[in-house]
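Architecture at a glance
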Amino acid sequence: MAIAHGEKILKYLEENGKANSLRLSELWNEDHQKIVGTVKSLLCLGDVIEAELHSTVKWDLTEEGKQVTTHGSHEAQVYNAIPPSGSTQTEIMTQASILNAGFTKDMAKVGFSKAMSLGWIAVDKSSGAPKFIQKVSSIQDVVQEHLKELASGKNMLTNELRTEYKKRKLIQEIIVKSYEMKPGSSFSTSVTKQETDLTPEMITSGSWKTKEFKAYNLNALGTPVPRGHLHPLMKVRAEFRQIFLEMGFTEMPTNNYVESSFWNFDALFQPQQHPARDAHDTFFLADPATASDIPTDYMERVKNVHSHGGYGSQGYGYDWKVEEAKKNLLRTHTTAVSARMLYALAQGGFKPAKYFSIDRVFRNETLDATHLAEFHQIEGVIADYGLTLGNLIGVLYEFFRKLGIEKLRFKPAYNPYTEPSMEIFSYHPGLKKWVEIGNSGIFRPEMLLPMGLPEDVSVLAWGLSLERPTMIKYGYDNIRDLVGPKVNMQMVADNPLCRLDKHRGTEIKEPDYLQELDIRMDSILTRLRGIENEVSKLKKKDKGSPEKLTLVIEADPNYPPLSVQTLIRILMASRNAPVSVTIHQHSSLKKACSADLMQWAKSTISNVSRVDNLFNLTWIWKPVGPRPVAKVVNHYNGDICGETAVARLLARILESWTDCAFYENYDLNTTAEIDDWLDMWENCIQSGDPNFVVLINHIYNRLNCSDGRKWLTGVLPGTKSLADVFLSTVLGHKLNSDRAKEWLSRCNSF
């Protein structure tokens, strides 16, 4: 603290009794932050002064607003750039840029729009090419006048004007924090510097007895200690390891990156001519080139089952060579370690066992967004009597639920050493597609029986990538951002602790609760079957004469479902056929609906009777809350609740009437993407996010990609779908980026 400033403030308080830091900075022509720092230093002296922090709202001009005070509002600049004979839009923008070098394309858009709405300019098409002309002889630039008044310190703007100018980014709200001060119980005009250290000299001389010491700030943070940081993969690895241990697995030793071809391939009943054993798929060692510690009797049994068959198998019928089996390589999977462990288990007298490993493997892969030549493999092995494929699927679902990943798919596959075999896929919300995350199966008898395991023992096995679940968990789209030379090392330091959303389903023990869930699930399935049946009927009808449809929608006037309104207009415009729309207000409403709500659909009403109409819609304004309710008359007994559910119904009806693809007529991946977008909107509402911050960020990230994407779903450049129409309608007023505005414009031209 500067002593002079502190004493100056104290003398001011002695003379005036109170002071404001903002007022003092103006009075003494000092930087306000410097005054605030002095006040904080005085507060550290004890009860010399009392100070209370206040916040004051101040409106100030933005850089764009300052330009308006000099050159005029955007609409005025557009008006002034139009010659008496009129001009094209491009020529007007060029002239406006000459008059004001800071005039941008975005300013021009606002200027043309405002000038048109004010009636200052008009479009003249009489001469062929459209051009803009001045519609009035003179204008009054009210916006410039208001901003000049604000700049001079006169804030005469109404709330409506402040809101409008803030939306146009002409003014900004500034919160100024200042201190209100008054003398404290130990007030004094002299400032004595407090000691911060107790020195040996003070103790020797005894001067410490008369010194004043600065109080310790026990809330102050200590100096950060330099330390290492775990890579995100290692954090996720620790979580995986803990899950395996919780499930009763034993960790296998995996400290040998170099493995012989025998344990890596031959022991797994993988033939020596298999493509995976070629140099373009596997890294072979030059030194040492071969291994020598292979059990002779076991190697002989493996040779026989490869060459001549056995244990119910005819084998591969080729000349198995020991030279090929002894070649050393960088292991391509940790299944080689599993083979060693199972062989050891058989030699010591079989006992049921569960093993796991998480370690590095190496493959000569082509590098891309989801593949590396070096990665980590997670492997689980369960050996017991009488295990089946159902046991394997159940274990995988339980394992991944513990990781917080529940969107799984299984695809039949071929592996030389497992039968049956399955590939495991998980949906990646970042890549918007299903990504393979592992392989699984039951080890073949040709692999197990030569080891000496009993015939009735089955071994379940699965191998998973550590990198891909980490990408899904942390939202990485490219594996090279997680591992490799392009990794941002600061990411490793800043990465949060891994907290996987572990599933705790086994802790639910209340039978009444489970019974209630079963009843609710049965009800949902019954209603879904009804919807599927009715949509199927609609789709089977001839496109020239679709089934007549009567729809009743109940909605709350306090929560008008904008997306439903848009979809109904699209639905009615899709066919040049008689329609009837009636809008009512329920007697339970406390006040009458506005004229706009009573003209909600704004459609052409049929002059024929409802009996002859193709589509009859009855809209009822009713206090049902934020979730509208739809009913298809005479089709199925069940209400469709919620804005997204009603939107899905209308999209299905639209697809049944036309040949367009809008929702379910797309491929399964695109339909799943659409559902994900709609679910995100619902999740924002349920999680208490009325501003839809998370969803809007997802939309910006999707549209701001440099890959030329135009829509939210589908392969590049994307496909217009229900997700685009729904979200552009309900969130359009909240989006302000250029890409988002272009997307909104495309969505509005259905």
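Per an unreviewed UniProt entry, the protein goes by the name phenylalanine--tRNA ligase and belongs to Daphnia magna. The UniProt entry for the protein carries the following comment under Subcellular location (unreviewed entry): "Cytoplasm".

Assigned secondary structure in the protein consists of 27 helices and 19 strands. Split into buried and exposed, the 750 residues of the protein put 44% on the buried side. Residue pairs in contact within the protein that sit at least 24 positions apart in sequence constitute 70% of those at least 6 positions apart. When the accessible surface of the protein is split by element, carbon and sulfur atoms take 51% of a total near 40,100 Å².

Time to look at the packing of aromatic side chains. On inspection of all chains with the given rule, the structure shows 26 aromatic pairs. With centroids separated by 5.5 Å and ring planes inclined at 85°, the aromatic side chains of F262 and Y298 adopt a geometry described as edge-to-face. With a gap of 36 residues between them, F262 in helix α12 (residues 261–264) and Y298 in helix α13 (residues 296–307) connect regions that are remote in the sequence. No difference in accessibility class separates F262 from Y298, as the two residues are buried. Feature note: the residues F240, F244, F249, F356, F399, F400 and W462 constitute an aromatic cluster, connected by ring pairs.

Core analysis: the biggest nonpolar cluster contains 61 residues, and W619, L695, L727 and W743 have the highest contact counts within it. If one sorts the elements of this core by residue count, helix α23 (residues 643–657) sits on top with eight residues. Those residues in contact with L727 that lie beyond four places of it in its chain are W677, W681, L695, I699, L712, G732 and W743. The next biggest cluster of nonpolar side chains, apart from the first, holds 35 residues, and it includes I382, M422, M471 and M491.

When helix α8 (residues 142–151) is considered as a whole, its buried residues turn out to be V143, Q144, H146, L147 and L150. Along the axis of α8, the buried positions cluster into a sector of 160°, meaning they face one direction only. Packing partners of the buried residues in α8 comprise β2 (49–61), α4 (63–71), α5 (74–80), α9 (159–167) and β5 (171–183). Just beyond α8, the residue with positive phi is G153, at close to 100°.

Here we take up the sheet that holds strand β6 (residues 250–251). Reading across from one edge, β6-β9-β10-β14-β13-β12-β11 is the order of the seven strands in this open sheet, with mixed pairing throughout. The two strands at the open ends of the sheet, each matched to only one other strand, are β6 and β11 (408–415). Summarising the sheet, strand β9 (residues 353–362) and strand β10 (residues 374–385) pair through 10 bridges and their orientation is antiparallel. By the bridge assignment for β10, K354 is matched with I382. Packed onto the sheet, helix α15 (residues 335–347) meets β9, β10, β13 (433–443) and β14 (457–465) and runs at close to 25° relative to β10. Lying over the sheet, helix α16 (residues 389–402) contacts β10, β11, β12 (418–428), β13 and β14, oriented at roughly 35° with respect to β14.

To continue, consider the packing of helix α6 (residues 89–99) against helix α7 (residues 105–117). The contact between α6 and α7 brings their axes to 11 Å, and the two run at 115°. In the crossing of α6 with α7, the sense of the turn from one axis to the other is right-handed. Where α6 abuts α7, its residues Q89, I92 and M93 lie against K105, A108 and F112. Here the residues of the contact of α6 with α7 sort into four nonpolar, one polar and one charged.

This brings us to the sheet that holds β2. What the three strands build is an open sheet, ordered β1-β5-β2; its pairing is antiparallel. For this open sheet the edge positions go to β1 (19–20) and β2, each flanked by a neighbour on one side alone. Pairing of β1 with β5 involves two bridges; the strand directions are antiparallel. Looking at the pairing, N20 lines up with E180 of β5. Docked against the sheet, α8 engages β2 and β5, running at close to 155° with respect to β2. Across the sheet, α9 touches β2 and β5, and the angle it forms with β5 is around 115°.

Our next topic: a nonpolar patch on the surface. Among the surface-exposed residues, L198, I203, W208 and F213 lie close enough to one another that they form a single nonpolar patch of about 400 Å² accessible area. In this fold, I203 is placed in helix α10 (residues 200–205).

Among the structural elements, D384 can be located in strand β10. Along the sequence, D384 and L460 sit 76 residues apart, while their C-alpha atoms lie 8.6 Å from each other. Leave out the neighbours within four places in its chain, and D384 touches F350, P352, D456, V457 and S458.

Right, let's talk about the environment of T713 for a bit. Within the secondary structure layout, T713 lies in the loop between α25 (693–703) and α26 (722–731). Classification of T713 as buried rests on a relative accessible area of 0%. Spatially, the C-alpha atom of T713 lies 6.6 Å from that of I674, the residues being 39 residues apart in sequence. Residue contacts for T713: discarding those within four places in its chain leaves T670, E673, I674, W677, R702, G718, T719, S721, A723 and D724. Polar side-chain contacts of T713 include one of 3.0 Å to the side chain of S721.

The rules behind the values
- Residues numbered from 1 in each chain as written.
- Predicted model: local features only at pLDDT ≥ 70, side-chain atom pairs only at ≥ 80, totals over all residues.
- Heavy atoms only, no water.
- UniProt positions renumbered as here; feature names shortened; annotations may be inferred.
- Helix = DSSP H or I, 4+ residues; strand = E, 2+ residues; numbered from the N terminus.
- Buried < 20%, exposed > 50% of the residue type's maximum accessible area, 1.4 Å probe, protein only.
- Contact = heavy atoms within 4.5 Å.
- Areas by Shrake-Rupley, 256 points an atom, 1.4 Å probe, with all protein chains shown as cover.
- Phe/Tyr/Trp six-rings, centres within 6.5 Å; stacked < 30°, edge-to-face > 60°.
- Core = buried A, V, L, I, M, F, W, Y, C linked by side-chain atoms within 4.5 Å.
- Arc of directions from axis to C-beta.
- Pairing = 2+ DSSP bridges.
- Axes fitted to C-alpha atoms, helices over the stretch in contact; angles between N-to-C directions.
- Left-handed = near helix turned anticlockwise from the far one by under 90°.
- Nonpolar A, V, L, I, M, F, W, Y, C, P; charged D, E, K, R; others polar.
- Patch = residues over 30% accessible without salt bridge, like charges linked within 9 Å, V, L, I, M, F, W, Y side chains within 5 Å.
- Salt bridge = Lys/Arg side-chain N within 4 Å of Asp/Glu carboxyl O.
- Polar contact = N/O pair within 3.5 Å; in protein donor to acceptor, adjacent residues only side chain to side chain.

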